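# Examination of the molecular architecture
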Amino acid sequence: MTWQRLAFFVAALGMLAAAVLPLSSEPTENLFGRPILLAAILLTAALYAGAAFVTPRLSIVITFAGVVLGCAVTLALLRDDTIAGYATRGFWLPVLANWIAAWLGVARLAAVKPRDKAASRMIDLAIPLLFGAFVFYLWEVAVRGFGVPSVLFPAPSAIAVRFAGSLWMLWQDFFQTFILGVLTGYVIGCGAGFLVAVAAHRYTFLGRGLLPIGNFVSALPIVGVAPIMVMWFGFDWPSKAAVVVVITFFPMLVNTLAGLNAAGHIERDLMRSYGAGHRQTLQKLYLPAAMPFIFNALKINSTLAFIGAIVAEFFGTPTLGIGFRISIEAGRMALDVVWAEIALAALAGMAFYGIVALAERVTTFWHPSYRT
């Protein structure tokens, strides 16, 4: 008997434990008084046990069918007020069983190596999505099962309800912070850093003079820079864009300069032997060699810019913006709104990073990291 087969049996026994062990520390109806949930528990246990005896690929389908059903059962039990906040081992053992089964399913899915590239990409995308979905499930059952107050840590369902009910407010905050502040500062900061790096590569004394200043500015805290920018550029989005410019300028400068210097001596000697001028060498040799470094800076700055703009809004802003909303609603103890804004920032940041990474993939497809 392999350890995976044994783990499937443990998951099946964990599901069956809900039928014999108390679900709550408070008086509540057991599963024999809930025939639909009892049938679902038994079916989930059968699926987990059956997944141990079939082929690995078929077991993936059976396992995830059981996980979906098992998660639905535990979430349905939490709708009972005598269980939510008072859950005991009769409830937590099925949750643990779902976790074991989900882990086995993802592990077996990751071991599948299809020959079709499209299928391989779908599996690569499905694994993090399934993992993330189960993390949200554990978050939901933990918060509701232990009865954690929503002021301290709201459940994902509460955050989703607030998110869906505040779409217009979230759009206004997103436009103020991301479209006006982040994108403007990102384009100016990264563009200026790139141009200065090209000049510093051409004239060595500029690089020697600017890099120590870059190290100094990079060490400046955002909370110290933001109030100064607010005093200089006002309370609206230009001051937030200025903070983003300061944050993104020197990472782009340092990375681009390192990339321009990455070209080897042999390549440079070859360009000289061809009689290439500086502009031709820059276009044909230095910039292609620097592209991975440039995109590395763009990806780093995509997250730094968002963080900088949000933090800058804590120090003065109009009545709009993600940072403004977080600071105001946190003071009102409206943690569901705060988490909705955090979710918005996370989604926007992931999308921004993904777009830059996709552009890198399209632009630097020739790089060895993509060819291997």
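From a predicted model like this one, the values you see are computed outputs, not experimental measurements. (Residues numbered from 1 in each chain as written. Predicted model: local features only at pLDDT ≥ 70, side-chain atom pairs only at ≥ 80, totals over all residues. Heavy atoms only, no water.)

### What about the overall build of the protein?
Assigned secondary structure in the protein consists of 15 helices and zero strands. A compact globule built from 372 residues should have a C-alpha radius of gyration of about 21 Å, whereas the protein, at 27 Å, is more than 25% larger. Each principal axis of the C-alpha distribution contributes one length, and for the protein these read about 85 × 55 × 30 Å. Per-residue burial for the protein yields a buried fraction of 43% across its 372 residues. In the protein, of all internal contacts separated by at least 6 residues, the share reaching a separation of at least 24 is 74%. Summed over its atoms, the accessible surface of the protein is roughly 19,800 Å², and 71% of this surface lies on carbon and sulfur atoms. (Helix = DSSP H or I, 4+ residues; strand = E, 2+ residues; numbered from the N terminus. Rg over C-alpha atoms; globule rule 2.2 N^0.38 Å. Buried < 20%, exposed > 50% of the residue type's maximum accessible area, 1.4 Å probe, protein only. Contact = heavy atoms within 4.5 Å. Areas by Shrake-Rupley, 256 points an atom, 1.4 Å probe, with all protein chains shown as cover.)

### Side note on the packing of helix H4 (residues 89–111) against helix H5 (residues 117–145)
Between H4 and H5, whose axes approach to 10 Å, the crossing angle comes to 170 degrees. The angle between H4 and H5 falls in the class roughly antiparallel. For the pair H4 and H5, contact is made by Phe 91, Trp 92, Val 95, Asn 98, Trp 99, Ala 102, Val 106, Leu 109 and Ala 110 and by Ile 123, Ala 126, Ile 127, Leu 130, Phe 134, Tyr 137, Leu 138, Val 141, Ala 142 and Gly 145, respectively. (Axes fitted to C-alpha atoms, helices over the stretch in contact; angles between N-to-C directions. Parallel < 35°, antiparallel > 145°, perpendicular 65-115°, else oblique.)

### Re the environment of Phe 314
Mapped onto the elements, Phe 314 comes out in the loop between helix H12 (278–312) and helix H13 (322–331). You can call Phe 314 partly exposed: its relative accessible area is 42%. Remark: the alpha-carbon pair of Phe 314 and Gly 165, spanning 149 residues in sequence, is separated by 24 Å. Setting aside anything within four residues of it in sequence, one finds Phe 314 in contact with Gly 323, Ile 326 and Ser 327.

### With respect to the environment of Tyr 286
Of note, Tyr 286 is situated in helix H12. Between the alpha carbons of Tyr 286 and Ala 262 there is a distance of 7.7 Å; along the sequence they are 24 residues apart.

### Quick look at a nonpolar patch on the surface
Together, Phe 146, Val 148, Val 151, Leu 152, Phe 153 and Met 333 line one region of the surface with nonpolar side chains, adding up to about 570 Å² of accessible area. As for its placement among the helices and strands, Phe 153 is situated in the loop between H5 and helix H6 (156–165). Given the relative accessible area of 34%, Phe 153 is considered partly exposed. (Patch = residues over 30% accessible without salt bridge, like charges linked within 9 Å, V, L, I, M, F, W, Y side chains within 5 Å. Salt bridge = Lys/Arg side-chain N within 4 Å of Asp/Glu carboxyl O.)

### A short note on the packing of aromatic side chains
Each aromatic ring pair is summarised here by two numbers: the centre-to-centre distance and the angle between the ring planes. Applying the stated criterion across every chain yields a total of 17 aromatic pairs. Taken together, a centroid distance of 4.5 Å and an interplanar angle of 20 degrees make the contact between Trp 92 and Phe 146 stacked. Pair noted here: Trp 92 is in helix H4 and Phe 146 is in the loop between H5 and H6, with a separation of 54 residues, a long-range link. Centroid distance Trp 171 to Phe 175: 5.9 Å. Interplanar angle 50 degrees. Geometry classified as tilted. Here Trp 171 and its partner Phe 175 are both found in helix H7 (residues 167–202), four residues apart, which amounts to about one turn of the helix. Using a relative accessible area of 36% as the deciding quantity, one classes Phe 175 as partly exposed. Grouped by ring-pair contacts, the aromatic residues Trp 171, Phe 174, Phe 175, Phe 178, Tyr 186, Phe 306 and Phe 352 constitute a single cluster. (Phe/Tyr/Trp six-rings, centres within 6.5 Å; stacked < 30°, edge-to-face > 60°.)

### With respect to the layout of surface pockets
What the largest pocket holds in volume is close to 350 Å³. For the largest pocket, the full set of lining residues is Phe 136, Trp 139, Pro 156, Ile 159, Ala 160, Phe 163, Trp 339, Ala 343, Ala 346, Leu 347 and Met 350. Every element with two or more residues in the lining of the largest pocket is listed here: H5, H6 and helix H14 (335–363). Here the lining of the largest pocket takes five residues from H14, the largest share from any one element. (1 Å grid on protein atoms, 1.4 Å probe; cavity = no way out; pocket = protein on both sides within 12 Å on 5 of 7 lines; lining within 4 Å. Points joined across faces, edges and corners; volume = space filled by probe spheres on them.)

### What about the packing of helix H3 (residues 56–77) against H4?
Two elements in contact, H3 and H4, have axes separated by 9 Å at closest approach and are oriented at 155 degrees. Between H3 and H4, the angle is such that the two are roughly antiparallel. Here the hand of the crossing between H3 and H4 comes out left-handed. Side by side, H3 and H4 meet where Pro 56, Ser 59, Ile 60, Thr 63, Phe 64, Val 67, Gly 70, Cys 71, Thr 74 and Leu 77 of the first sit next to Phe 91, Pro 94, Val 95, Asn 98, Ala 101, Ala 102, Gly 105, Val 106, Arg 108 and Leu 109 of the second. For the contact of H3 with H4, the per-class residue count stands at 13 nonpolar, six polar and one charged. (Left-handed = near helix turned anticlockwise from the far one by under 90°. Nonpolar A, V, L, I, M, F, W, Y, C, P; charged D, E, K, R; others polar.)

### A look at the nonpolar core
Core analysis: the biggest nonpolar cluster contains 37 residues, and Leu 31, Tyr 48, Val 67, Leu 77, Phe 91 and Val 141 have the highest contact counts within it. Among the secondary structure elements, those contributing two or more residues to this core are helix H1 (3–20), helix H2 (35–50), H3, H4 and H5. Top element by residues in this core is H4. It accounts for eight residues. Once residues lying within four places of it in the same chain are set aside, the contact partners of Val 141 are Thr 74, Leu 75, Leu 78, Phe 91, Trp 92, Val 95 and Phe 146. Counting residues in each nonpolar core, the second largest holds 30 residues, with Phe 178, Tyr 186, Leu 298 and Ile 310 among its members. (Core = buried A, V, L, I, M, F, W, Y, C linked by side-chain atoms within 4.5 Å.)

### Quick look at H5
With 29 residues, H5 should reach 42 Å at 1.5 Å per residue; the first-to-last C-alpha distance of 42 Å fits that figure. By the burial criterion, the buried members of H5 are Ile 123, Phe 134, Tyr 137, Trp 139, Glu 140, Val 141, Val 143 and Gly 145. (Expected span 1.5 Å × (residues − 1).)

### Here we look at the pattern of salt bridges
Enumeration over the complete set of coordinates arrives at five salt bridges. Of the charged contacts, one joins Arg 34 and Asp 80 as a salt bridge, the two residues approaching to 2.8 Å between their closest N and O atoms. Linking Arg 34 in the loop between H1 and H2 with Asp 80 in the loop between H3 and H4, this pair joins segments that are 46 residues apart in sequence. Here Lys 299 makes a salt bridge to Glu 360, at a shortest N to O gap of 2.9 Å. Taken together, the positions of Lys 299 in helix H12 and Glu 360 in helix H14 put the pair 61 residues apart, joining distant regions of the chain. Here Lys 299 and Glu 360 have matching classes, each one buried.

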